[in-house]
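# Structure assessment
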Number of protein chains: 2
Amino acid sequence: MTTTDAAPEAGARLRAVGLKVTAPRLAVLQAVAGAGHLDADAVHARITGELPGTSLQSVYNVLGALTDAGLLRRIEPAGSPALYESRIGDNHHHVVCTRCRAVADVECVVGEPPCLVPGESTGAASGFAIHTAEVTFWGLCADCRVALEASALEASAPEASAAEASALETPAPVASA
Amino acid sequence: MTTTDAAPEAGARLRAVGLKVTAPRLAVLQAVAGAGHLDADAVHARITGELPGTSLQSVYNVLGALTDAGLLRRIEPAGSPALYESRIGDNHHHVVCTRCRAVADVECVVGEPPCLVPGESTGAASGFAIHTAEVTFWGLCADCRVALEASALEASAPEASAAEASALETPAPVASA
DNA sequence: CAGTTGTTTTGAGTGATTCAAAACAACTGC
DNA sequence: GCAGTTGTTTTGAATCACTCAAAACAACTG
């Protein structure tokens, strides 16, 4: 499966939104489609294999253009760089791991934005005309849960537990990674 | 209403969470309490009046300490710097204006996190142990709605409308401010 | 009031992203 | 098939928001 294989289909989608078909765009499109949620750096790393000369700046340009065109969706969880995904059109949501920042998709029961509206009665929205509801769940991914439980077994190991306790907290920029 | 007026109460809250009572902390606490949602720079600007020597770095330190201690809450809407608010304890949400980035509170019907859980049946969560759901609504604030409607009346003014159309889109870093 | 420990300051550094201008390559029409 | 036009990519620099580290300093303890 080389770039050329997927190209025709991707090329058509680019043209459909009025964008020129270029090698970097095809490569980015393919890279993002082949992975869940990638930041600009990760995309750059992925396409460097088949398209060695591509600059990081171009990746930013391309990601921006594709996002504006609606071919990619950008999410920006607190404490992570912007991530791009190719699942668009459905209005799904995300879970982010508070410890390792891993991201997974969460199905939206509604599908169409806004899938949620602020309660009218609560005096909410204060004059806003809302068109989207973005839901981000925070928790521990399976791996981190295991890692944390494992180290919890060695009961009172004071240095380790301090850092790990913070992983149980809500959205807060991560100290390490 | 000077700093000294609010100090006793704020000082007590600082001590309660094991933090030393210092002038910058009291000033930050007061500044954030007196405004909706402030970023570090805005807090710094506000306290510079009464506490001229305070460095921006200290403001970051203080905001971090107060957030960790649970006296402030930090939100990070896509495309905005981190914002701090003093409404804590209740699990409320936010609306962000896609045009001017203004933020307003939205009441949460549940109040306790997580106020929302991914549908079990949808195959969602993929092994995550979720403890919080963060909801961000996106829309146009009253002012921007008026501004946009006003300029829409002068039907075909091509230069203005392009930029404004993007304000109707979902979470995307804002071009100007 | 002295000591200890946490805070603030100063100064520098970093990651993620954007801006701008010049070199370049896709599509258009000939 | 080729020249032109216009959109893309590259190069290089700059910016924003924030973090790191070490030294100066000030709150609380006894």
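Residues numbered from 1 in each chain as written. Chains lettered and ligands numbered in written order. Predicted model: local features only at pLDDT ≥ 70, side-chain atom pairs only at ≥ 80, totals over all residues. Heavy atoms only, no water.

For clarity, the cut-off: UniProt positions are given in the numbering used here, feature names are shortened, and annotations may be inferred rather than shown by experiment.
Per an unreviewed UniProt entry, chain A carries the name Transcriptional repressor and comes from Agromyces agglutinans. Heading Sequence similarities (unreviewed entry) of the UniProt record for chain A holds this comment: "Belongs to the Fur family." What UniProt records for chain A under Subcellular location (unreviewed entry) is the sentence "Cytoplasm".

## Let's talk about the overall build of chain A
Spelled out, the test is: Under the DSSP-based scheme used, a helix requires at least four consecutive residues in state H or I and a strand at least two consecutive residues in state E, with every element numbered from the N terminus. Partly exposed residues are those whose accessible area sits between 20% and 50% of the maximum for their type, while under 20% is buried and over 50% is exposed, using a 1.4 Å probe and protein chains only. The contact definition used throughout considers only heavy atoms, calling two residues in contact when any of these lie within 4.5 Å.
Tallying secondary structure elements over chain A gives six helices and six strands in all. In chain A, which comprises 177 residues, the proportion classed as buried is 42%. Nonlocal contacts in chain A, meaning residues at least 24 apart in sequence, comprise 44% of its contacts between residues at least 6 apart.

## Focus: the protein's contact with DNA strand D
The cut-off we apply is this: For each residue, the test is whether any non-hydrogen atom lies within 4 Å of the molecule or strand; if one does, the residue is near. We call two N or O atoms a polar contact when they sit within 3.5 Å, provided that within protein one can donate a hydrogen and the other can accept it, with sequence-adjacent residues counted only if both atoms are side-chain atoms.
Near DNA strand D, the surroundings consist of 19 residues, among which Thr 22, Arg 25 and Ser 58 of chain A together with Gln 57 and Ala 82 of chain B are the closest. When the atoms of DNA strand D within 4 Å of the protein are sorted by group, sugar and phosphate make up 71%. Contact distances for DNA strand D include 3.2 Å between a phosphate oxygen and a side-chain N or O atom of Tyr 60 of chain B. Residue Ala 82 of chain B places a main-chain N or O atom 2.8 Å away from a phosphate oxygen belonging to DNA strand D. Mapped onto the surface near DNA strand D, the elements with two or more residues apiece are helix H2 (23–33) and helix H4 (56–69) of chain A together with helix H4 (56–68) of chain B. Top contributing element to the surface near DNA strand D by residue count: H4 of chain A, with four residues.

## Overview of the protein's contact with DNA strand C
Short version of the rule: Residues are grouped as follows: Ala, Val, Leu, Ile, Met, Phe, Trp, Tyr, Cys and Pro are nonpolar; Asp, Glu, Lys and Arg are charged; every other residue, Gly included, is polar.
The environment of DNA strand C is formed by 19 residues, the closest being Gln 57 and Ala 82 of chain A together with Thr 22, Arg 25 and Ser 58 of chain B. One of the side-chain N or O atoms of Lys 20 of chain B is found 3.1 Å from a base oxygen in DNA strand C. Breaking the surface near DNA strand C down by element, the ones donating at least two residues are H4 of chain A together with helix H2 (23–33) and H4 of chain B. Sort the elements by how many residues they give to the surface near DNA strand C and H4 of chain B lands first, with four residues. Of the residues belonging to the surface near DNA strand C, the class tally is seven nonpolar, eight polar and four charged.

## Quick word on the pattern of salt bridges
For clarity, the threshold we go by: Salt bridges are identified by distance alone: a Lys or Arg side-chain nitrogen within 4 Å of an Asp or Glu carboxyl oxygen.
Enumeration over the complete set of coordinates arrives at 11 salt bridges over all chains. Here Glu 9 of chain A makes a salt bridge to Arg 13 of chain A, at a shortest N to O gap of 3.2 Å. Of this pair, Glu 9 of chain A and Arg 13 of chain A are both found in helix H1 (residues 3–16), four residues apart, which corresponds to roughly one turn of the helix. Residue classification places Arg 13 of chain A among the partly exposed positions, given a relative accessible area of 33%. For Arg 87 of chain B, the salt bridge goes to Asp 105 of chain B, with nearest N and O atoms at 3.3 Å. Linking Arg 87 of chain B in the loop between strand E3 (83–85) and strand E4 (93–97) with Asp 105 of chain B in strand E5 (residues 103–106), this pair joins segments that are 18 residues apart in sequence. Residues participating in the shared-partner salt-bridge network are Arg 87, Asp 90, Asp 105 and Glu 107 of chain A.

## Here we look at the confidence of the model for chain A
All names here are of chain A. Note the following rule: Here pLDDT means the predictor's own confidence in every residue, given as a number from 0 to 100.
Model confidence for chain A is summarised by a mean pLDDT of 84, while 78% of its residues fall at 70 or above. Across residues 1–6, where pLDDT falls below 50, the model places four contacts with residues more than four positions away in sequence or in other chains. In the model, residues 173–177 has pLDDT below 50 throughout and makes seven contacts with residues more than four positions away in sequence or in other chains.

## A closer look at unusual backbone geometry
The backbone of Arg 101 of chain A sits at a positive phi, close to 70°, despite the residue not being glycine. Secondary-structure assignment places Arg 101 of chain A in the loop between strand E4 (93–97) and strand E5 (103–106).

## A few points about the sheet that holds strand E6 (residues 129–140) of chain B
What counts is decided by this rule: Two strands qualify as a pair provided that DSSP identifies no fewer than 2 bridges between them. All axes are obtained by fitting lines to C-alpha atoms, using only the stretch in contact for helices, and the reported angles, taken between N-to-C directions, cover 0 to 180 degrees.
Sheet architecture is open: six strands sit in the order E5(A)-E4(A)-E6(A)-E6(B)-E4(B)-E5(B), paired in mixed fashion. Two strands in the sheet have a free side with no partner beyond their single neighbour: E5 of chain A together with E5 of chain B. Going from strand to strand, the sheet's axes swing by 30° on average, the running direction of each strand aside. The sheet contacts of helix H5 (residues 142–153) of chain A involve E4 and strand E6 (129–140) of chain A together with E6 of chain B, and relative to E6 of chain A the element is tilted by about 35°. Running over the sheet, helix H5 (residues 142–153) of chain B touches E6 of chain A together with E4 and E6 of chain B and is turned about 35° from E6 of chain B.

## Overview of helix H3 (residues 40–48) of chain B
Residue and element names in this part refer to chain B. Heads up, the rule is: Here the arc refers to the set of directions running from the helix axis out to each C-beta atom.
By the burial criterion, the buried members of H3 are Ala 40, Val 43, His 44 and Ile 47. For H3, the angular spread of the buried residues around the axis is 100°, confining them to a single face. In this fold, the buried residues of H3 make contact with H2, strand E1 (38–39) and H4.

## Quick word on the pairing of E6 of chain B
For E6 of chain B, the buried fraction is high: nine of the 12 residues fall into the buried class. Two elements, E6 of chain A and E6 of chain B, share 11 bridges in a ladder whose sense is antiparallel. Bridging from a neighbouring strand, Thr 132 of chain A pairs with Trp 138 of chain B of E6 of chain B.

## Structural notes on the environment of Glu 85 of chain B
Residues and elements named next belong to chain B. With respect to the element layout, Glu 85 can be found in strand E3. Separated by 14 residues in the primary sequence, Glu 85 and Leu 71 have C-alpha atoms spaced 9.1 Å apart. Those residues within four positions of Glu 85 in sequence are excluded, and the remaining contacts are Val 32, Gly 36, His 37, Leu 72, Arg 73, Ile 75, His 92, His 94 and Asp 105. Side-chain polar atoms of Glu 85 contact the side chain of His 92, separated by 3.1 Å.

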